[in-house]
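Structure assessment
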Amino acid sequence: MTDDAHAARRPSRADGRPAAPVRSVHLGLGNFFRAHQCWFTEHAPDAADWGIAAFTGMALGPAQDIADQDGVYTLVVQAADGDVPETISSLTEVHGSDELDAWRRVFELPDLAFVSTTVTEAGYRRSADGGLDQSDPEVVADIAKLRADGLGAEVTTAPGKLILALMVRREKGFGGFTVLPCDNVPDNGEMAERVLTEMAQAVDSGLSGWIAENITFVTTMVDRITPRATDADLDALRARGIDDPAAVVTEPYLEWVLSGEFRAGRPRWEEVGARFVADIVPWEHRKLWLLNGSHSLMAYAAPIRGHATVADAITDPVVRGWVEEWWDEACRHLPLPEAELTAYRQALVERFANPRIRHLLAQIAADGSQKVPIRIVPTAQGELAAGRPATGALRAIAAWVLHLSGKGAPVTDAQGAAYVELAAQPLERAIPAILATLGIDDAAAAQRCVDLAGEIENGDD
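Presented here is an overview of the structure given in this document. (Residues numbered from 1 in each chain as written. Predicted model: local features only at pLDDT ≥ 70, side-chain atom pairs only at ≥ 80, totals over all residues. Heavy atoms only, no water.)

Some words on the overall build of the protein chain
If you tally the helices and strands in the protein chain, you get 20 helices and twelve strands. Its C-alpha atoms give the protein chain a radius of gyration of 22 Å, within 12% of the compact-globule value 23 Å for 461 residues. In terms of principal-axis extent, the alpha carbons of the protein chain reach across some 65 × 60 × 40 Å. Counting across all 461 residues of the protein chain, residues that qualify as buried make up 57%. Put simply, of all contacts in the protein chain between residues at least 6 apart along the chain, 77% involve residues at least 24 apart. (Helix = DSSP H or I, 4+ residues; strand = E, 2+ residues; numbered from the N terminus. Rg over C-alpha atoms; globule rule 2.2 N^0.38 Å. Buried < 20%, exposed > 50% of the residue type's maximum accessible area, 1.4 Å probe, protein only. Contact = heavy atoms within 4.5 Å.)

Side note on the sheet that holds strand β10 (residues 248-250)
With mixed pairing, the three strands of this open sheet are ordered in space as β4-β3-β10. Only two strands of the sheet have a single partner each, and these edge strands are β4 (82-88) and β10. Across the sheet, the mean angle separating the axes of adjacent strands is 25° when strand polarity is ignored. Across seven bridges, strand β3 (residues 73-79) lies against β4 in antiparallel orientation. In the strand pairing of β4, Y73 is matched with I88. (Pairing = 2+ DSSP bridges. Axes fitted to C-alpha atoms, helices over the stretch in contact; angles between N-to-C directions.)

A few points about the nonpolar core
L290, M298, F352 and I397 are the most contacted members of the largest nonpolar core, which totals 67 residues. No other element matches the ten residues that helix α17 (residues 391-404) contributes to this core. Those residues in contact with I397, other than ones at most four positions away along the chain, are V372, I376, L435, L438, I440 and C449. Within the second largest apolar cluster, 44 residues are counted, among which are V22, A153, I163 and V185. (Core = buried A, V, L, I, M, F, W, Y, C linked by side-chain atoms within 4.5 Å.)

A look at the pattern of salt bridges
What the rule picks out here adds up to 27 salt bridges. Of the charged contacts, one joins E255 and R286 as a salt bridge, the two residues approaching to 2.5 Å between their closest N and O atoms. A residue pair is termed long-range when its members are at least 10 positions apart, and E255 in strand β11 (residues 255-259) and R286 in helix α10 (residues 281-301) qualify at 31 residues. For E255, a relative accessible area of 11% puts it in the buried group. Across the pair R320 and E324 runs a salt bridge, and its minimum N-O distance is 3.0 Å. Note that R320 and E324 are positioned in helix α12 (residues 317-331) at a spacing of four residues, about one turn of the helix. Its relative accessible area of 32% is what places R320 among the partly exposed residues. Connected through shared salt-bridge partners, R320, E324, D328 and R345 make up one network. (Salt bridge = Lys/Arg side-chain N within 4 Å of Asp/Glu carboxyl O.)

A few points about the side chain of S294
The residue S294 is located in helix α10 in this model. For S294, a relative accessible area of 0% corresponds to the buried category.

Quick look at unusual backbone geometry
At D70, a residue that is not glycine, the phi angle is positive and equals roughly 55°. With respect to the helices and strands, the residue D70 is situated in the loop between α3 (64-68) and β3. Of the residues examined, D70 reaches a relative accessible area of 53% and is grouped as exposed. Here the phi dihedral of A390 falls at roughly 55°; this positive angle occurs in a residue that is not glycine. By the element assignment, A390 lies in the loop between α16 (377-385) and α17.

Comments concerning the environment of Q64
Along the chain, Q64 falls in helix α3. Put simply, Q64 and P245 are 181 residues apart on the chain and 9.8 Å apart in space, counted from C-alpha to C-alpha.

A few points about the packing of helix α6 (residues 158-171) against helix α8 (residues 205-214)
Running from amino to carboxyl end, α6 crosses α8 at an angle of 80°, the nearest separation of the two axes being 11 Å. Looking at the two axes, α6 sits roughly perpendicular to α8. Within the contact between the two elements, α6 uses I163, L166, M167, R169 and R170 and α8 uses G206, L207, W210 and I211. Residue composition of the contact of α6 with α8, grouped by class: six nonpolar, one polar and two charged. (Parallel < 35°, antiparallel > 145°, perpendicular 65-115°, else oblique. Nonpolar A, V, L, I, M, F, W, Y, C, P; charged D, E, K, R; others polar.)

Quick word on the sheet that holds strand β9 (residues 219-223)
The strand order across the open sheet built from three strands is β9-β11-β12, with neighbouring strands paired in mixed fashion. Edge positions in the sheet fall to β9 and β12 (275-276), since each of these pairs with one other strand and no more. Summarising the sheet, β9 and β11 pair through five bridges and their orientation is antiparallel. Among the inter-strand pairings, T220 is bridged to a residue of β11, identified as L258. Its contacts with the sheet place α10 against β9, β11 and β12, and it is angled at close to 35° to β9.

If you want it as structure tokens, here you go:
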């Protein structure tokens, strides 16, 4: 009997498997988290012991479909030669970010071991120096609420919610807990520790000391390209007999590298491919610069050439040349074997060219003010310091400035207003000003960047 002979059905725990007890919490319930960490937990040999209570970054909204299915959904792995759907049931609870009573309740569970986050670079509310932005009005409001209302505070920011969670743990007398950030930020464990420690100090001087004694912060590098599911993706799934508006589509490749101590345990992710290392920095930089950096380059430059997706962009010989040039520069600053870097680059080309993955450049382009400084600037600075022209890196920055000025993908950047204002000037003034804010004060580099912007805008090959 073919799939078409069956009525389309919603995913469920129809196999009789009960929901696992909640042992972890996740903030930032999105497609990537459901394609990556949920997959690892689903496949871990001890999955039956590790249910996840997941909270959206905003109101429940699109996650209502997942909640209606008791946290069960379909993950569709889109290989070049066809789709492979599977049911993921590692979510035990699903909530909106404004459901603070549920947030407080799950942190009162004595067996809770860790909280993970995917809130995007902007969600950590950092200032230019990397600490907590205590001039952010919403951060200021959360600090005031936590001071005044304690455990009853109605907080709205990710740092505010995490501080509220840790206050609940302290109030209950629980120690030994871990914070696991999973966003594309270098040293994300250290970053989260600094942000939360600074907020704790602003709220309650004793809380920061308790955090230092009881909380560990694990640093992670995560990798799996996960675009938004399209109507065509959902229709193809229905043709297989599965009606799942909460389905996630992703690529076959996935990687997870972690470094740090889990005080109260974790699933046995290493038995399904996760890697635990002492020094995560080379792996972070390899992924952040080679994958994410080339994503940003394409997201800002390729739409100006008429491309909408990564697969479209990488098959354009001009864009492919720009990407390879960028990779050549970035690889000079990665302390990994050349053979490994070459293999990783080849794998990236295959992943980018996968016609089954419709990864929108406009989606990648969002929040460039948080991405460009960590994905592109370190290589630019390293190349210039070595006396090299940094053409690949400067081209990426030039494309970003064009994007900020209204060319290519639309600007969606929660913290990008100052950059948009600078980019409104003629390029000859805008680019030196933006480079200076990025720590690049080099007249020759600025002129080269202006020239590259002109080449991109004019379609020069």
